[in-house]
Amino acid sequence: MASWIVLLLLAPAISAYSPREKPGTCISRVFPAQVCQPCEIVRLCSHDGNCPGTQKCCRTDRCVTQCEEPAGSSNCDVDTDCGTFDNRKCCKNTSGFTRCAEPRQEKPGKCINRVFIALACEPHEVVKLCSSDGDCPGTKKCCQTDRCVTSCEEPAEKPGKCIRRVFIALACEPHEIVKLCSSDGDCPGTKKCCQTDRCVTSCEEPAAPKPGECPAPSQVESGTSSRCDVDTDCGENNDKKCCKNASGFKRCASPPSTEKPGKCIVRAFIALACQPHEIVKLCSSDGDCPGTKKCCQTERCVTSCEEPAAPKPGQCPAPSQVESGTSSRCDVDTDCGENNDKKCCKNASGFKRCASPPSTEKPGKCIRRVFIALACRPQEIVKLCSSDGDCPGTKKCCQTERCVTSCEEPAGQCPDTSGIITTCEFDPERNCLSDSQCPSDKLCCSFGCGKECLKPVS
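Residues numbered from 1 in each chain as written. Predicted model: local features only at pLDDT ≥ 70, side-chain atom pairs only at ≥ 80, totals over all residues. Heavy atoms only, no water.

**Thoughts on the overall build of the protein**
The line we're drawing: The helix count covers DSSP runs of H or I at least four residues long, the strand count covers runs of E at least two residues long, and both are numbered beginning at the N terminus. The cut-offs for exposure are 20% and 50% of the maximum accessible area for each residue type, with area from a 1.4 Å probe on protein chains only; residues under the lower value are buried, those over the upper are exposed, and the others partly exposed.
Along its length, the protein carries one helix and 23 strands. Split into buried and exposed, the 458 residues of the protein put 27% on the buried side.

The following block contains the structure:
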């Protein structure tokens, strides 16, 4: 009797120093979803405090609870306590204790959409074969596969998009239909279930990533509005790519600007919207093109790489004659405009600025022509010269057609007046300084001591 009294006196002291929850977790087991009958229940412990040493109170069989060693030591204070060579982290459990745990890993794709009866799951019905995608092999995800069951399965839709194809708009006859897959889950690895021919659905790798490079992670947004897994998730008709931000999450972002010097050749296309099947995008930005080539619209619905427009004719003026301000910065001649003769020239400080070439007007006048009074459209303009200095010999830069400027011989030459002597007085009504002060059929020619408007000779 005395021994029983001693045990009863010691029992409160033992329980006071026995923690209700010890470090570690019970070994994960899966039991049949059947209710335990009262006669089947065996409860050898109620909590960890009832167990000796490091043992925990765990469910070891369907209706049995008893003491056993935990699945593995998982006490921690910081992540490094969980091991240097794995990815476990030190996390708080529902009781507020810190334990090592695998981080949640979300794989690309979505679970198959299912509809279950809206009934709460009883504890004995719950079967949890996985907790996160990280528990599943390969490309499988952790999904709700039954009302109270969570298990691994292939996603309903894998990352990426099918290659875009155009098929003849004819309904498929029953004997033509070949269905080698129904969803991405039927395809191995990263392959998707795509329409590969007019009446054929089969597995294939998704469309290739877009050209270009991702910007620095710090330049990629951190919001959730542009989540992505692959480039094609960011849209088909833009240059956005799926890039990692500073937090390591994938978001849609435009590649950094890589515009090269020069401008694309000016072209005019029929004003018709491009149909999706007509669009051919061989580049997205200048950075996708080799050497000095730029990414230009080379046809109505085609974007491809080509050399920039050629420099304008003519010579740059002396550096001292080029302005030093910042309003006309340039890299190449076409930066100074399409419909003028300005060139990109270095000033006295070595910086590039737009400047008109020096005047090099040659003697004589252009042949006088009459053109229809219609404004020239950009695609009609042909400018083979900008000034007389661009033309060889005695040729001048003239308007030879309504929208064409080219080199040609002048209308005539001044007559020989070497033996004529006149008084050296300037009379505005008789004398001239340049051809522009003379009627269209005359030239400003030397005449004695000055110049007068005279009819040219062949």
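**A word on the side chain of Lys 192**
Heads up, the rule is: Counting of polar contacts relies on pairs of N or O atoms within 3.5 Å, with two restrictions inside protein: one atom must be capable of donating a hydrogen and the other of accepting it, and residues adjacent in sequence are counted only when both atoms are side-chain atoms. Residue contacts are counted whenever heavy atoms from the two residues lie within 4.5 Å of one another.
One can find Lys 192 in strand E10 (residues 192–197). Within the structure, the side chain of Lys 192 is placed 2.8 Å from the side chain of Asp 184, a separation counted as a polar contact. When neighbours within four sequence positions are excluded, Lys 192 is seen to be in contact with Glu 157, Lys 158, Pro 159, Gly 160, Lys 161, Cys 162, Asp 184, Cys 187, Ser 202, Cys 203, Glu 204 and Pro 206.

**Re the sheet that holds strand E7 (residues 141–146)**
In a beta sheet, neighbouring strands are held together by backbone hydrogen bonds and run either parallel or antiparallel to one another. What counts here: The pairing criterion is simple: DSSP has to find at least two bridges between the two strands.
An order of E6-E8-E7 is seen for the three strands of this open sheet, with the pairing classed as mixed. For this open sheet the edge positions go to strand E6 (127–128) and E7, each flanked by a neighbour on one side alone. Here E6 runs beside strand E8 (residues 149–153); their pairing, made up of two bridges, is parallel. Looking across to E8, one finds that Lys 128 is bridged to Thr 150.

**So, the environment of Gln 275**
Mapped onto the elements, Gln 275 comes out in the loop between strand E13 (250–253) and strand E14 (280–281). Sequence spacing of Gln 275 and Cys 301 is 26 residues, and the spatial spacing of their C-alpha atoms is 8.4 Å.

**Structural notes on the pairing of strand E15 (residues 294–299)**
Relative to strand E16 (residues 302–306), E15 runs antiparallel, the two being bridged by five bridges. Bridged to Lys 294 within E16 is Glu 306. From the end of E15 to the start of E16, which pair antiparallel, there are two residues.

**What to know about the sheet that holds strand E9 (residues 178–179)**
Taken in spatial order, the three strands of this open sheet run E9-E11-E10, and their pairing is mixed. The strands lining the two open edges of the sheet, one partner per strand, are E9 and E10. Examined bridge by bridge, E9 and strand E11 (residues 200–204) share two bridges and lie parallel to one another. Paired with Lys 179 across the bridge in E11 is Thr 201.

**Looking at the environment of Pro 290**
Structurally, Pro 290 can be placed in the loop between E14 and E15. In the structure, Pro 290 is positioned 16 residues away from Glu 306 in sequence and 9.2 Å away in space, judged by C-alpha atoms. For Pro 290, the residues in contact, after removing those within four places along its chain, are Lys 260 and Cys 305.

**Observations concerning the pattern of salt bridges**
Short version of the rule: The salt bridge criterion pairs a side-chain nitrogen of Lys or Arg with a carboxyl oxygen of Asp or Glu, the two atoms within 4 Å.
A full pass over the atoms with the stated rule returns 14 salt bridges. Between Lys 343 and Asp 333 there is a salt bridge, with the nearest N and O atoms lying 2.7 Å from each other. Of the two residues, Lys 343 sits in strand E17 (residues 343–346) while Asp 333 sits in the loop between E16 and E17, which places them ten residues apart along the sequence. Salt-bridge contacts for Arg 430 lead to Glu 452; the nearest nitrogen and oxygen are separated by 2.3 Å. Here Arg 430, found in the loop between strand E21 (404–408) and strand E22 (443–447), pairs with Glu 452, found in strand E23 (residues 450–454); they are 22 residues apart in sequence, far enough to count as distant. In the salt-bridge network here, residues are joined through shared partners; they are Arg 377, Glu 380 and Arg 402.

**Side note on the state of the cysteines**
Definition in use: Two cysteine sulfur atoms make up a disulfide if the distance between them is within 2.5 Å.
By the definition in use, this model includes 28 disulfides. Put simply, Cys 234 and Cys 252 are joined by a disulfide, and their sulfur atoms are 2.1 Å apart. With the S-S bond torsion at -90°, the cross-link from Cys 234 to Cys 252 turns out left-handed. One end of the pair, Cys 234, is in the loop between E11 and strand E12 (241–244); the other, Cys 252, is in strand E13, with 18 residues separating them in the sequence. For Cys 252, a relative accessible area of 12% translates into the label buried. Here Cys 366 is linked by a disulfide to Cys 398, with a sulfur-sulfur distance of 1.9 Å. Looking along the S-S bond of the Cys 366-Cys 398 disulfide, the torsion reads about -80°, which is the left-handed sense. One end of the pair, Cys 366, is in the loop between strand E18 (352–355) and strand E19 (382–383); the other, Cys 398, is in strand E20 (residues 396–401), with 32 residues separating them in the sequence.

**Some thoughts on the pairing of E18**
Bridging between E17 and E18 involves four bridges; their strand directions are antiparallel. Paired with Cys 344 across the two strands is Cys 354, which belongs to E18. Counting the residues in the hairpin turn of E17 and E18 gives five residues, including Gly 350, whose phi is positive at 90°.

**What about the confidence of the model for the protein?**
Where we set the bar: The pLDDT value tells you how sure the predictor is about a given residue, anywhere from 0 up to 100.
This prediction gives the protein a mean pLDDT of 80; 90% of its residues lie at or above 70. Looking over the protein, one finds the lowest element-wise mean pLDDT in helix H1 (residues 2–16), namely 38, and the highest in E9, namely 92. In this model residues 1–17 is a low-confidence stretch, pLDDT under 50, and it forms zero contacts with partners more than four residues away in sequence or in other chains.

**With respect to the side chain of Lys 141**
Within the fold, Lys 141 resides in strand E7. A distance of 2.7 Å separates the side chain of Lys 141 from the side chain of Asp 133, its partner in a polar contact.

**Describing the environment of Ala 33**
Positionally, Ala 33 belongs in the loop between H1 and strand E1 (42–43). When its relative accessible area of 44% is taken as the criterion, Ala 33 is described as partly exposed. Here the alpha-carbon distance between Ala 33 and Pro 123, two residues 90 residues apart in the chain, equals 8.8 Å.

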